[in-house]
Amino acid sequence: MKNLKSILLSSLLLLFISTGIYSQDAATANHTIVISVPEVALLDIEGGTSINMGPDAPTEAGSPLVFSGNANTSLWLNYSSIVGTTVDATRNVTVSISNGTIPGGMELKVTAGADAGAGAGTMGTSAGLITLSGTSQTIISGIGSSYTGDGVSKGHNLTYELSLASGSYGDIDFEDDNTLTILYTITNN
């Protein structure tokens, strides 16, 4: 019996020792974390949904319509962009007339001002004054990973100017009122 007790005690002691050896913690441990950054390309116009423009009527017989002084600066272009380092490393914003036509004898132009500085990152650069048409034209280029801030006085101020097309005064028609839809699109390069 004493021999059986010794064997059982020895077996239990070996079981505890072997369990203790396998369950001990090491001096270090590790795990992984996967960080996924989303691609972002968002664009918005702030400051209203509609603007009205038109030349001023002359106040003296023999004088033309007055196109100067009718610029509108109420709208702001905001964007958020996250780009890759090799694919789509920069983005552009294009502008076009997607619906409607400019009344005869006139031109509609737009300029995007420099970024107002309310955001951070690689902001785009304005292409300067653009005469709007149905063809998409780049108005802001070189946008990297950035954000402009959201709202009026953030991003790029849009200045619209209505002017007389060269040599087209005879094409002006007071019944030629048109509603235009101006389309801005952020695109990958």
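The structure contained in this document is the topic of the report that follows. (Residues numbered from 1 in each chain as written. Predicted model: local features only at pLDDT ≥ 70, side-chain atom pairs only at ≥ 80, totals over all residues. Heavy atoms only, no water.)

What follows covers the sheet that holds strand 6 (residues 125–126). Strand order in the open sheet made by the four strands is 6-8-3-11, with antiparallel pairing throughout. The two strands at the open ends of the sheet, each matched to only one other strand, are strand 6 and strand 11 (181–188). As judged from the eight bridges shared by strand 3 (residues 91–99) and strand 11, these two strands associate in the antiparallel manner. Across the sheet, residue N92 finds its bridge partner in strand 11, namely T187. (Pairing = 2+ DSSP bridges. Helix = DSSP H or I, 4+ residues; strand = E, 2+ residues; numbered from the N terminus.)

So, on to the pattern of salt bridges. A full pass over the atoms with the stated rule returns two salt bridges. One salt bridge connects E39 with R91, and the closest N-O pair in it is separated by 2.7 Å. A residue pair is termed long-range when its members are at least 10 positions apart, and E39 in the loop between helix 1 (2–22) and strand 1 (40–46) and R91 in strand 3 qualify at 52 residues. (Salt bridge = Lys/Arg side-chain N within 4 Å of Asp/Glu carboxyl O.)

The element strand 3 is extensively covered by neighbouring structure, given that seven of its nine residues are classed as buried. Strand direction decides the pairing type here: strand 3 and strand 8 (residues 137–143), joined by four bridges, are antiparallel. Residue pairing in the sheet places T94 in a bridge with T138 of strand 8. (Buried < 20%, exposed > 50% of the residue type's maximum accessible area, 1.4 Å probe, protein only.)

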